[in-house]
Amino acid sequence: MAAVSIPPSPHIASMNTRRVPLANLQNATNSPLRASHVGGKRQRSHASEQRDIAYGQPPSKKLAIEVDDAESRRNGLGRRSGAPPNAFQKKLEAAREVKAVPKRSEQVQQAVTANLDNIRQWQRHYRKMFPEFVFYFESIPEDVRSKVSRQAQLLGAREVKFFSREATHVITTRPIPAELESSSSTTTSSTQAKGTVNPAQLETKKSVFDTALQKSGHGDILYKARELRMKIWSAEKLQRMLSAMFNTETGEQVTDAPTRRGAGGLQSKLGRQADLQTLLQNEKINGPLDRDYSVANQDLIQLRGYYVYIHDMDEVTRPVMVREYPKVAKKEEGKWPQFRASGAGKCPFVDDPHHVRRAQQELEEKARVERVQTTRATVVPRTRAAAALAERRALGENNNLARRLSMNDQPSQQIDAKPLDPPKVVPTKRSNTDGMPPMFGSAQASIRAMPRFAGGEPVASGIQPSNITSAIRSQMISSTAAAPGARVGNSKEVNQLKRKVFEKNSAPSTNSNHSMNEMRVALNQEPTQATRAAKRKAQETLGYIHEDEDEEKAVRRPALIRRRNTKEKELKPGYCENCREKFNDFDEHVVSRKHRKFANTQDNWDVLDKLLIQLERE
Amino acid sequence: MGEHLFEESRDPLEESGATMDSSDEEIEETVAEDMARFEDSFVGITKRYRLINRIGEGTFSTVYKAEDLEYSSFDNKWDVDEPETRKWASPSQKRRSRRPHYVAIKKIYVTSSPIRIFNELELLHDLRSSDSVCPLITAFRHQDQVVAVLPYFQHRDFRDYYRDMSIGDIRLYFRSLFTALRSVHAKKILHRDIKPTNFLYNPQLARGVLVDFGLAERQGTDWVQCNCTLQAEDRRYRISHSVYAQTLQSTTSQHSSYPKNDTRSSRRANRAGTRGFRAPEVLLKCTQQNTSIDMWSAGVILLTLLSRRFPFFHSADDIDALLEITAIVGKKKMKDTAFLHGQVLESNIPSYTEGGHTLEKIILWCTGRTKDETGAKKELDDDEKDAAKFLYRLLECDPAKRITADEALRHPFILQALDEGEDEDVDLMDM
């Protein structure tokens, strides 16, 4: 915790911003830097991240990408591409000149300062204005629109998707029609934009708007906009304004930069001279500014599927969340959390195939009953099936809520067939960027491994193994097991690795929870049932999920478990905060010499004992 | 508290055993062994308490029901039930008051650090006279084994009643819960683990107590300035001058990408709590979390009760948890929430709409009330509508705008509980 408040050393700061191509990092995994800043645990998880990532990123791309990267870097800084310099490059050039000719700097500095003052004033002015702007984009390519719109939104402006009097500005790439007699000039001057439509005017404007729309002679939006006294800006103008708004050369950003920002803190000390460095630093963080992002980069992983990516807006810290899901034909098939068909009382994010099947059955039953009762014209009582049907209707009515294939045209065999489908070996890239390994003794560890394996079987995609006791099953259904396959897509190898972890260390210190114990025992008994296990393994290798075909065995198992419970001593793995070590068995650890030594050292207890004295019963 | 606490994540149903009242049933063999081992290892405990059964297990502790053998030799201010029972007892009964007195003994695992134990006990001691907070009777240590003795509360398992609660019942439940939270928050303490299993509620008495301060902390611990505490204007300024804003300006592509070998340090914030009950700012690693995180968790409980779904959120991990919330509130609000904490949320996941869904709609859908046979849209009844309105105040993504426990107790939805309660009394009088 304390680490948070320590400002990063310059060394770390430089680490933060440097993203050397991997080829230059000759031993990335065991470099001393890594070792000192990245805990051993993290390394492990890095390894696993990379393993997952490797599926999606063919290594063959490396070379081409590196060349491309170098090229674009050069282009970015040196402007050798022959393309005309853009605004940023000009600024960069200017900044560079300042640095290159320090002798003349005093004069230049003054000019620059004056100029920056202007810009700053201008920025302040528009920062106040932007939150009142409502843009309507017209005849603008989608990619430009989305980018510009996002930028404008950062400044507090809004975008309207449909042209209405709500809009204050129309942005277009087409020629801007001449002013109407009465309206003031708005198209050319960027510094004296006169603000937005008077809100009071807006109230009474309805008729104006309507008449404008009704005048079919000039059906064009731009003319309507004129008539409604909206401002019409060219896309280029807005882009220029935005680029000026986001211009940080004014140094304003630096002065009140949060202390967390390692780079920011550094900059403020170096003053304006550091402008170029700022730009370069930012470029190091974000890549060359004119890089072609459509080309995959060696050291950046592009999110190509469906993803969620949450990152620090100042790029000082690691992204808080990154997860990518494979593209799917229908969004309902996506493995991300979404509302799914499920029965009353159940978690609405967990697919519940039993619910669907039950609903189907009850529906049929109900239909039959109804057929019998057709003559009686009574109000149909609300049944569970009806409720289920209503739910499904809701799902259908709203595309945003996930839905399985309509069960009317897909009979229940569709649902029944699913568990037998081989698990897809689609590598799902999932990386918790914290890179925290599953902790022993933390609930996290059990959560991740536990639900996927019960009775030695992988549990995936809403399938509940049928060969474990109902107690276990109910525990799993109600907890995380019946997850709609958030973890599906792990390769067999990964699953097996996880399984090993689970078998050895599955239980966090916490879970002497009864059914968990049973599950553990169920796992432990695998070796004794060698043939079954082998058979199952073979099936798993084939990609099949084992379903116990023998109901009788399922019934017999609980008895077996009970007996074992009393005979075999279970291991309780966990983590000891006092010895700072993981252990395989709680009972063994607490009598170990190291732990006893801690327990018997009075110093360790002094503070607590003082409190305990106050807590004595009176 | 070390890294362990940072990563603390509890299962929504974990410790569910804690609310099971099977204390008088037959004891399992393993439990009996466990209790015997505990009694053997803790010198002298058998003189003071007689263990009866194991009633719960948590991440850092096991809880036993026990008979308090020394009850009569101490002052028992904590015993809320006692004065009433004594009132009605005849003097002879009082003398014979050999009625067993029960307590809950919390055995804190010896693998917990003394600092962690100190933290919990000290906070409990601080809260000793707080309304609806489980009082600490005493605590003591033998070598590395520390036990806390708490009153034993008769209560019912949440899963037994969550589907049957009327809006009136819900009002009473939350009046009790917010009373507890008001006293905890008044001391600037974050409970961090508000969930049904930590609020032992007795529907008959409409009374509950808040338990398990194992993850609690004082507000302000390890705070580092977060964007969310800035003035709105400063915040917007910060955002528009962020590296992201610049990148956006210079990038033409819409593809997001992230560094492969990220050597930057990760953002650190206490995220302890239970999956599915954590507020967005906890998931987004806000570095200045305050007591309002508990109010969000209370909101999740209310959502559970209104939708009759438990657990409402599945949340296998933080990412899932945030996405589940996004499914409800929509991308726009979640993006704004991310910006609030200095972060950028980018997502192209097609299931989440910009505007999200109204809570009313979600409640209707979860309770199977969408369209009836005639195709007419169904509506919540008036009480439920009030509840939903109140729910918006709890499940508010901006912690600064979220209702506080004190405000909640003065909210019409909760105040109504008093009126209804009085009505009931009148009815009883008439009879």
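Residues numbered from 1 in each chain as written. Chains lettered and ligands numbered in written order. Predicted model: local features only at pLDDT ≥ 70, side-chain atom pairs only at ≥ 80, totals over all residues. Heavy atoms only, no water.

Looking at an unreviewed UniProt entry, one finds chain B named non-specific serine/threonine protein kinase, with Amniculicola lignicola CBS 123094 as its source organism.

Per an unreviewed UniProt entry, chain A goes by DBF4-type domain-containing protein and derives from Amniculicola lignicola CBS 123094.

*Asks:* So what exactly am I meant to see when it comes to the overall build of chain A here?
*Replies:* Counting secondary structure elements, chain A contains 26 helices and 12 strands. In chain A, buried positions account for 49% of the 618 residues. Of all intrachain contacts in chain A linking residues separated by at least 6 positions in sequence, the fraction that spans at least 24 positions is 64%. Summed over its atoms, the accessible surface of chain A is roughly 30,800 Å², and 55% of this surface lies on carbon and sulfur atoms. (Helix = DSSP H or I, 4+ residues; strand = E, 2+ residues; numbered from the N terminus. Buried < 20%, exposed > 50% of the residue type's maximum accessible area, 1.4 Å probe, protein only. Contact = heavy atoms within 4.5 Å. Areas by Shrake-Rupley, 256 points an atom, 1.4 Å probe, with all protein chains shown as cover.)

*Asks:* Would you explain the sheet that holds strand β3 (residues 169-172) of chain A in this entry?
*Replies:* Backbone hydrogen bonds are what pair the strands of a sheet, in a parallel or an antiparallel way. Residues and elements named next belong to chain A. As summarised here, the arrangement of the four strands in space is β2-β1-β3-β4, forming an open sheet in which the pairing is parallel. Of all the strands in the sheet, just β2 (158-159) and β4 (231-234) have a single pairing partner and so form its edges. Judged from the four bridges that link them, strand β1 (residues 134-138) and β3 form a sheet pairing that is parallel. Its bridge partner lying in β3, F137 is registered against I171. (Pairing = 2+ DSSP bridges.)

*Asks:* Please clarify how the packing of helix α12 (residues 292-307) of chain B against helix α16 (residues 382-394) of chain B should be interpreted in this entry.
*Replies:* Packed helices, taken two at a time, are described by their axes: the angle between them and the distance between them. Residues and elements named next belong to chain B. At a minimum axis separation of 8 Å, α12 and α16 run at an interaxial angle of 150 degrees. Looking at the two axes, α12 sits roughly antiparallel to α16. α12 and α16 meet at a crossing whose hand is left-handed. Between α12 and α16, the residues in contact are M295, W296, A298, G299, L302, L303 and L306 and A387, A388, F390, L391 and L394, respectively. Split by residue class, the contact of α12 with α16 holds 11 nonpolar, one polar and no charged. (Axes fitted to C-alpha atoms, helices over the stretch in contact; angles between N-to-C directions. Parallel < 35°, antiparallel > 145°, perpendicular 65-115°, else oblique. Left-handed = near helix turned anticlockwise from the far one by under 90°. Nonpolar A, V, L, I, M, F, W, Y, C, P; charged D, E, K, R; others polar.)

*Asks:* What's the story with the confidence of the model for chain B in this structure? I'm lost.
*Replies:* Any segment with low pLDDT has predicted coordinates that should not be analysed in fine detail. Residue and element names in this part refer to chain B. Per-residue confidence for chain B averages 87 on the pLDDT scale, and 86% of its residues sit at or above 70. Counting contacts from residues 13-23, a segment whose pLDDT is below 50, to residues more than four positions away or on other chains yields 39 contacts. Within the model, pLDDT remains below 50 along residues 425-431, and this stretch shows zero contacts once partners closer than five positions in the same chain are excluded. (pLDDT = per-residue confidence, 0-100.)

*Asks:* What's the story with the packing of helix α8 (residues 167-186) of chain B against α16 of chain B in this structure? I'm lost.
*Replies:* All names here are of chain B. Remark: α8 packs on α16, axes separated minimally by 10 Å, with the N-to-C direction vectors making an angle of 25 degrees. Taken together, the axis directions place α8 and α16 in an arrangement best described as roughly parallel. α16 is crossed by α8, and the crossing has left-handed handedness. When α8 is examined against α16, the residues I167, R171 and F178 are found in contact with a partner set consisting of D383, E384, A387, F390 and L394. Split into classes, the residues belonging to the contact of α8 with α16 amount to five nonpolar, no polar and three charged.

*Asks:* Whenever I open this one, the pairing of strand β3 (residues 102-108) of chain B confuses me. Can you help?
*Replies:* Regular strands place side chains that alternate from one sheet face to the opposite one. All names here are of chain B. Of all seven residues making up β3, six are buried, and the element is well covered by its neighbours. Sheet topology places strand β2 (residues 61-68) next to β3; seven bridges connect them, and they run antiparallel. Within β3, the position partnered with V63 by the bridge is K106. Bridging between β3 and strand β5 (residues 145-151) involves six bridges; their strand directions are antiparallel. Looking at the pairing, I105 lines up with V149 of β5.

*Asks:* Got a minute to help me understand unusual backbone geometry in this structure?
*Replies:* Most peptide bonds are trans, and most residues other than glycine sit at a negative phi. Between F310 of chain B and the following residue, P311 of chain B, the backbone shows a cis peptide bond with an omega angle of -5 degrees. Within the element layout of this structure, P311 of chain B appears in the loop between α12 and α13 (318-329). Residue S139 of chain A is not a glycine yet carries a positive backbone phi of 50 degrees. We classify S139 of chain A as partly exposed; its relative accessible area is 38%.

*Asks:* Looking at this structure, how should I read the nonpolar core?
*Replies:* Generally speaking, soluble globular proteins have nonpolar side chains that are buried together. Of all hydrophobic cores here, the largest spans 107 residues; its most connected members are L121, Y173, F174, L177 and F178 of chain B. The leading source of residues in this core is α12 of chain B, at 10 residues. Residues in contact with L121 of chain B, not counting those within four places in the same chain, are L608, L611, L612 and L615 of chain A together with L136, A139, V146 and A148 of chain B. One finds W122, F133 and M241 of chain A together with A245 of chain B within the second-largest nonpolar core, a separate group that totals 28 residues. (Core = buried A, V, L, I, M, F, W, Y, C linked by side-chain atoms within 4.5 Å.)

*Asks:* Help me understand the environment of L238 of chain A in this model?
*Replies:* Residues and elements named next belong to chain A. Looking at the secondary structure, you find L238 in helix α11 (residues 235-245). A sequence separation of 86 residues divides L238 from A152, and the C-alpha atoms of the two residues are 9.0 Å apart. Discounting chain neighbours no more than four positions away, the residues touching L238 are F130, F135, F137, V148, I171 and W233.

*Asks:* For this particular structure, what's the right way to read the confidence of the model for chain A?
*Replies:* All names here are of chain A. Model confidence for chain A is summarised by a mean pLDDT of 59, while 36% of its residues fall at 70 or above. Counted against residues more than four places away or in other chains, residues 1-82, with its pLDDT under 50, gives 111 contacts. Scored below 50 in pLDDT, residues 377-382 makes six contacts in the model with residues more than four places away or belonging to other chains.

*Asks:* In this structure, what is going on with the environment of A157 of chain A? I would like to understand it.
*Replies:* All names here are of chain A. With respect to the element layout, A157 can be found in the loop between α7 (142-154) and β2. Owing to a relative accessible area of 5%, A157 belongs among the buried residues under this scheme. It is 5.2 Å that separates the C-alpha atoms of A157 and F130, two residues lying 27 residues apart in sequence. Setting aside chain neighbours within four positions, we find A157 in contact with F130, P131, F133, F135 and A152.

*Asks:* Which parts of the structure should I look at to understand the state of the cysteines?
*Replies:* Defined simply, a disulfide is a covalent bond joining two cysteines at their sulfur atoms. This structure, assessed with the given rule, holds zero disulfides over all chains. The cysteine C576 of chain A is free of any disulfide, with C579 of chain A supplying the nearest cysteine sulfur at 3.7 Å. Overall, the relative accessible area of 0% leaves C576 of chain A in the buried class. A disulfide-free cysteine, C366 of chain B has its sulfur positioned 8.9 Å from the sulfur of C347 of chain A, the nearest such atom. Take C366 of chain B: its relative accessible area is 2%, and that puts it in the buried class. (Disulfide = S-S within 2.5 Å.)

*Asks:* Would you mind showing me how to read the pairing of strand β1 (residues 49-57) of chain B here?
*Replies:* Residue and element names in this part refer to chain B. With respect to burial, β1 is a largely interior element, seven of its nine residues being buried. Sheet topology places β1 next to β2; seven bridges connect them, and they run antiparallel. Residue pairing in the sheet places Y49 in a bridge with D68 of β2. Connecting β1 to the antiparallel partner β2 that follows it, the hairpin turn spans three residues.

*Asks:* Whenever I open this one, the sheet that holds β3 of chain B confuses me. Can you help?
*Replies:* All names here are of chain B. The sheet built from five strands is open, its strands ordered β1-β2-β3-β5-β4 with antiparallel pairing. Strand pairing shows two members of the sheet lacking a second neighbour, β1 and β4 (138-142), which therefore form its edges. Averaged over all pairs of adjacent strands, the angle between their axes in this sheet comes to 30 degrees, without regard to strand direction. Strand contacts of helix α6 (residues 114-126): β3, β4 and β5, with the helix running at about 25 degrees to β5, the strand carrying the most contacts.

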